Amino acid sequence: MLIVRPRRYAASASAVGVGSIAHVPDAMSSARSLTRASASRTAGKTFSALNTSISDIVCIQYGVNDIDSGGKNATQVTGYLQALVAEVFKSGKFVVFESILPVNSPIASFASKQVTVDTVNANMQAWLANFPNCALYVDTATTYKAGGAYASYSYIDVTDGIHPTRLGAYTSGKLVAAAMRRVIPKRNAFYHGAKNPSPNL
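Residues numbered from 1 in each chain as written. Predicted model: local features only at pLDDT ≥ 70, side-chain atom pairs only at ≥ 80, totals over all residues. Heavy atoms only, no water.

1. Observations regarding the nonpolar core
- Core analysis: the largest hydrophobic core is formed by 26 residues, its most contacted members being I60, V85, F97 and M124.
- Here this core takes 7 residues from helix α3 (residues 74-90), the largest share from any one element.
- Residues contacting F97, with those up to four places away along its chain left out, are I60, L81, V85, M124, L128, L136, Y137 and V138.
- Counting residues in hydrophobic clusters, the runner-up holds 10 residues, among them V96, L136, V138 and I184. (Core = buried A, V, L, I, M, F, W, Y, C linked by side-chain atoms within 4.5 Å. Buried < 20%, exposed > 50% of the residue type's maximum accessible area, 1.4 Å probe, protein only. Helix = DSSP H or I, 4+ residues; strand = E, 2+ residues; numbered from the N terminus. Contact = heavy atoms within 4.5 Å.)

Laid out in structure tokens, this is it:
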């Protein structure tokens with residue numbers, strides 16, 4: 001996840017944008033949305049800690065490990081993710097939700113797991129559309145598929161079929177940043193007598 005800190009917490013009054021973007025120490029190998037707040041590798045990263053953080057926007061990208069190593073079905077994973085987003089909503093923070101990334105070989109049963117990924121993504125996109133003032137859905141999965149049914153090895157590591165390549169990570173960041181421009185205010189600054197029309201990211 002990412003949090004975006006508001007301007008009042010920026011390093012200085014002249015800081016670019018609404019503040020700084022900081023990682024929540026949450027993304028780790030094998031992390032699952034199901035066990036985010038449990039006594040597991042994600043212990044201590046509770047919803048209450050996230051909701052009291054000095055952040056305006058929470059960027060969520062979760063779910064593939066629930067499907068791959070967790071063996072959960074689409075209904076279960078959709079429920080976990082909706083519950084996670086609902087907890088963030090309670091604190092008044094805006095959610096930018098990135099689609100679950102597609103998979104490919106050598107993941108065992110990757111074809112059936114991709115069906116689950118696609119179903120969860122469709123479920124989340126439709127559900128988040130009910131909250132246009134609270135959330136945005138970012139479809140990175142379609143780009144990762146590059147016109148196919150599964151992840152393209154241009155975007156996903158050929159050795160494991162699940163982790164992004166450098167191009168994949170760059171692409172995700174670019175698409176998420178573009179989505180965040182829609183909710184982050186533009187810079188209130190002047191350049192040579194005219195306002196800078198460029199957004200923060």
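2. Some remarks on the pattern of salt bridges
- Overall, the coordinates contain 3 salt bridges when judged by the stated rule.
- The residue K90 makes a salt bridge to E87 at a minimum N-O spacing of 2.9 Å. Here E87 and K90 lie together in helix α3, a separation of 3 residues that amounts to about one turn.
- D118 is paired through a salt bridge with K145; the nearest N and O atoms lie 2.8 Å apart. On the criterion of sequence distance, the pair formed by D118 in helix α4 (residues 110-128) and K145 in helix α5 (residues 141-145) is long-range, its members being 27 residues apart.
- A relative accessible area of 17% places K145 in the buried class. (Salt bridge = Lys/Arg side-chain N within 4 Å of Asp/Glu carboxyl O.)

3. Re the confidence of the model for the protein
- With 67% of its residues at a pLDDT of 70 or more, the protein has an overall mean of 77.
- Across the protein, element-level confidence peaks in α4 with a mean pLDDT of 97 and bottoms out in strand β2 (residues 21-23) with 34.
- Counted against residues more than four places away or in other chains, residues 1-30, with its pLDDT under 50, gives 72 contacts. (pLDDT = per-residue confidence, 0-100.)

4. Digging into the packing of aromatic side chains
- Counted by the stated rule, this structure contains 6 aromatic pairs.
- Note on F97 and Y137: the rings are 6.1 Å apart at their centroids and 20 degrees apart in plane angle, and the pair reads as stacked. With F97 in strand β4 (residues 94-98) and Y137 in strand β5 (residues 135-138), this pair connects stretches of sequence that are 40 residues apart.
- The interplanar angle of 70 degrees and the centroid separation of 5.0 Å between the aromatic rings of W127 and F131 together place this pair among those described as edge-to-face.
- Joined through ring pairs, the aromatic side chains of F89, W127 and F131 make up one cluster. (Phe/Tyr/Trp six-rings, centres within 6.5 Å; stacked < 30°, edge-to-face > 60°.)

5. Quick notes on the packing of α3 against α4
- Contact geometry for α3 and α4: axes closest at 9 Å, N-to-C directions at 35 degrees. Here α3 runs over α4; the crossing is right-handed. Between α3 and α4, the residues in contact are A74, V77, T78, L81, Q82, V85 and A86 and T116, T119, V120, N123, M124, W127 and L128, respectively.
- Counted by class, the contact of α3 with α4 contains 9 nonpolar, 5 polar and no charged residues. (Axes fitted to C-alpha atoms, helices over the stretch in contact; angles between N-to-C directions. Left-handed = near helix turned anticlockwise from the far one by under 90°. Nonpolar A, V, L, I, M, F, W, Y, C, P; charged D, E, K, R; others polar.)

6. Some words on α4
- Given a rise of 1.5 Å per residue, 19 residues ought to cover 27 Å, and the 26 Å separating the end C-alpha atoms of α4 matches this to within 8%.
- Those residues of α4 lying buried are K113, Q114, T116, V117, V120, N121, M124, W127 and L128. The buried residues of α4 occupy an angular sector of 160 degrees when the element is viewed end-on, so they sit on one face.
- Packed against the buried residues of α4 are α2 (64-68), α3, β4, β5 and α5. (Expected span 1.5 Å × (residues − 1). Arc of directions from axis to C-beta.)

7. So, the side chain of T78
- Note on placement: T78 falls in helix α3.
- Excluding its chain neighbours within four sequence positions, the residues that come into contact with T78 are V120, N123 and M124.

8. A closer look at the environment of D160
- Locating D160 in the fold gives a position in the loop between α5 and α6 (166-180).
- On the accessibility criterion, D160 (22% relative accessible area) is partly exposed.
- Between the C-alpha atom of D160 and that of N104, which follows or precedes it by 56 residues, the distance is 8.1 Å.
- With near-sequence residues (within four places) excluded, D160 lies in contact with P106 and I107.
- Of the polar contacts made by the side chain of D160, one reaches the backbone nitrogen of I162; its length is 2.9 Å. (Polar contact = N/O pair within 3.5 Å; in protein donor to acceptor, adjacent residues only side chain to side chain.)

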